[in-house]
Structure formats: structure tokens, C-alpha cells
Protein chains: 2
Amino acid sequence: MNEIEKFKEKLKDKGYKLTTQRRVILDVITENRDKHLSSEEIYDLVRLKYPEIGLATVYRTLQLFEELGIVYKLNFDDGRNRYELYHNENHQHHHLICLKCGAVIEMEGDLLENLEEAIEETKDFEIIDHNVKFFGYCSKCRSRYN
Amino acid sequence: MNEIEKFKEKLKDKGYKLTTQRRVILDVITENRDKHLSSEEIYDLVRLKYPEIGLATVYRTLQLFEELGIVYKLNFDDGRNRYELYHNENHQHHHLICLKCGAVIEMEGDLLENLEEAIEETKDFEIIDHNVKFFGYCSKCRSRYN
DNA sequence: TTGACAATTGAAAATGAATATCATAAACTA
DNA sequence: TAGTTTATGATATTCATTTTCAATTGTCAA
């Protein structure tokens, strides 16, 4: 079963239909798996392939994809939702955001074990997900010629 | 030098004036140092003491206070800015957000040393600040009668 | 104390991202 | 293929926040 078939199954399971729009949106996200596109950016890319699409459809679809676990919603504090393709390592990587140039760097690995352990124990809090961002200066912006 | 005097100094240093509005907003934030009030909530509390104040003034003042390091802006992914009084331990505590009841629990202590070390070394990224949130279920919501 | 001048304010309009509405247009299924 | 949903696009709406601008208020120098 190929990717599209799997996708179709995932939709049908919940009673959703496979439409051209949804397929194109998935394509755009898949082709940009290294990026962290905002809804508006996705809209612009989708329109190149399917100019008739409406903005509302893109927003609706991204919401749907998030519910279905197809994408993961990110928040970089820039006032817009961003998305990346869902993969199991989503919960095991963090984002480093450069305060100067805005670059977003991925930090693989979780390394939160001791912190999460401390929380579960001392606070009796069951952790489902976490959101960790680091703000600072990337190597490019740290060099004196930038 | 008392608190208000220090505050006045801080403003004057940057050429800002001490107005009644700013003083009242500071009072409200100080009196709620354990909370994480949103702009709108602060506006409502301020109006009890100073009904003539405008909403824009509250937004402007919160922005200013953030620049001056008087408050710290929080983002709990609920679509509004929240603020807490700035203290050095801001960077050394995290927020646990209950997915069921919305409670926000403070987790004192940082415990990110090993993670930050790994980032600075492997990514050549100079960390200035971090933002760590945990989502899950608080002890109250975990009990079977809730 | 008083100007004078810059900073500040309040009210209202504007913005921008996201959501809701609703009539029309596809998908899936019997 | 018809019939029943679900989905879509255009548009209006919401909500938090920001901007605008004329009027007001601090502050500092004289």
C-alpha cells in the first residue's frame, strides 16, 4: 500500500472523503518536510498547483490533518500556526530559533528524561506532550561579519 | 529606595514618564504575582481601580513593561498573551498545563543543563532564553472522580 | 511657577490570523 | 447512476492586538 493509499484509508476510517484539495495540500506538506510552513505559506504553495482553492479549505484541512495525526502543529510565537509532517520523532526534537535571522534549527534527541521524571514524581502530573523552544543566536549570526 | 521609586527610575532611564495608568497596571500585576493574567484580564482588573483607562493603553503598557524587563510574556497556546512579574527565576521554572481543566502548575527548577550543553556544543547556538511547556493531566483530573 | 515640548492617552478604526456561514459542487455508496 | 453526505469557495465574522490622531499630561529648564 503506497503513501496515497494509506492516506486515503486514514481519511475513510473516520468518514472523510479524499478530495483533490486534500491531496494537493498533503503533497505540498510532504514536499516540504524539512520546513515549518505557516497556513498562509501552505496556501500560497498549494495555489501554484491548484489555483481555484479557497483559503478556508486550507485552514480546514490543516485542522483535519492535525486531528488525524498527519501533521503536527508548531508555535514559534510569531502569531501564526505552523505545521510539520508528523513523525514519531516529533516529540523527540526541539527547535532552536535565531533571534536575529529567524532561522529555525532542529535539535534531534529529547534529553528531557530527568526533567520529566522530576515532574511526574513531584507534581503528580501525567505528561502527554511537551513543547520546548530555545531562543538565541545561530552560528551564522554569531560570526562577527554578520 | 522603595519599589515605586525603583520603577520610576527604570522608566526615566529610558525617557519614559511615570503616569497613573502605568502605576495602576504595575500594581495589578504585583498583586497577582502568582497568576498568569492575560492582557484582557489585566484590563478588567485595572478598570476596577481606574475606570477611565483605555484598552490600548493596557496593551501598550504591557509591551513597554516587557521591553523594560518588568514583566515576562508567556504563551500558553490559548491565543492570547499572558504575563507574569519578572523575576530571575523566570528562566528557571516551567509551566505544566492541564489538558482537561486548564490549570497551570509551576515547576520550579530548570534541569535543562544537559540539554542546553548539548545544544551549545553540537549546534554552535548561543542560548539566550528558553520556553518549556508540558501538557498533560494534573493530579486532580487524574483522580477517577473527575 | 510657568511654559514649552515631548511623551502619553483614549476612542475609534484598522489589521491579520483564523473561523463560521451558506449555497453550490463534488465524492462515496446502494 | 441516483441519492445522500461531505466538502468547497466566497464572503462575512470573530477576536486579539495594533495603529491613528487629536487632546491631555508629565517633565525640565528658565
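In this text, all values refer to a predicted model and were calculated from it rather than measured experimentally. (Residues numbered from 1 in each chain as written. Chains lettered and ligands numbered in written order. Predicted model: local features only at pLDDT ≥ 70, side-chain atom pairs only at ≥ 80, totals over all residues. Heavy atoms only, no water.)

(A) Molecular detail of the domain arrangement of chain A. Residue and element names in this part refer to chain A. Here chain A is described as being made up of domain 1 (3–85) and domain 2 (92–142). Contact with domain 1, which involves seven residues of that partner, is made by nine residues of domain 2. Carbon and sulfur atoms supply 47% of the area buried between domain 1 and domain 2, which totals about 600 Å² over both sides. When the buried surface of domain 1 facing domain 2 is broken down by residue, His36, Tyr72 and Phe76 rank first, second and third, together holding 59% of it. Where domain 1 packs against domain 2, one counts one salt bridge. Asp77 serves as the salt-bridge partner of Lys133, at 2.9 Å between the closest nitrogen and oxygen. Between the two partners, domain 1 and domain 2, sit six residue pairs in polar contact (both at pLDDT 80 or more). By residue number, the principal contributor to the side of domain 1 that touches domain 2 is strand β2 (residues 71–75), which donates three residues. (Domains from an automatic or database assignment. Contact = heavy atoms within 4.5 Å. Buried area = accessible area lost by both parts, 1.4 Å probe. Salt bridge = Lys/Arg side-chain N within 4 Å of Asp/Glu carboxyl O. Polar contact = N/O pair within 3.5 Å; in protein donor to acceptor, adjacent residues only side chain to side chain. Helix = DSSP H or I, 4+ residues; strand = E, 2+ residues; numbered from the N terminus.)

(B) Region of the structure containing the sheet that holds β2 of chain A. Here three strands make up an open sheet; going across it, the order is β1-β3-β2 (chain A) and the pairing antiparallel. Both outer strands of the open sheet, β1 (37–38) and β2 of chain A, are each paired with one neighbouring strand and no more. (Pairing = 2+ DSSP bridges.)

(C) Expanded view of the pairing of strand β5 (residues 104–108) of chain A. All names here are of chain A. Strand direction decides the pairing type here: strand β4 (residues 93–98) and β5, joined by five bridges, are antiparallel. Each bridged residue has a counterpart across the sheet, and for His94 the counterpart in β5 is Met107. As consecutive antiparallel partners, β4 and β5 are separated by five residues, and within that stretch Gly102 has a phi angle of approximately 80 degrees, a positive value.

(D) Expanded view of the packing of helix α1 (residues 3–13) of chain B against helix α2 (residues 20–31) of chain B. All names here are of chain B. For the pair α1 and α2, interaxial distance at closest approach is 12 Å and the crossing angle is 125 degrees. One way to sum up the angle between α1 and α2 is to call them oblique. Read as a crossing pair, α1 and α2 show a hand that is right-handed. Of the residues in α2, those touching α1 at Ile4, Phe7 and Leu11 are Arg22, Arg23, Leu26 and Asp27. Tallied by class, the residues present in the contact of α1 with α2 amount to four nonpolar, no polar and three charged. (Axes fitted to C-alpha atoms, helices over the stretch in contact; angles between N-to-C directions. Parallel < 35°, antiparallel > 145°, perpendicular 65-115°, else oblique. Left-handed = near helix turned anticlockwise from the far one by under 90°. Nonpolar A, V, L, I, M, F, W, Y, C, P; charged D, E, K, R; others polar.)

(E) View of the protein's contact with DNA strand C. Near DNA strand C there are 24 residues, and of these Asn81 of chain A together with Thr19, Arg22, Thr57 and Arg60 of chain B occur at the shortest range. Within 4 Å of the protein, the atoms of DNA strand C are drawn from sugar and phosphate moieties in a proportion of 71%. Contact distances for DNA strand C include 2.4 Å between a phosphate oxygen and a side-chain N or O atom of Arg22 of chain B. Among the elements of the structure, α4 (55–67) of chain A together with α2 and α4 (55–67) of chain B are those that each provide at least two residues to the surface near DNA strand C. Considering each element in turn, the surface near DNA strand C owes the most residues, four residues, to α4 of chain A. In the surface near DNA strand C, the residues fall into seven nonpolar, ten polar and seven charged. (Near = heavy atom within 4 Å.)

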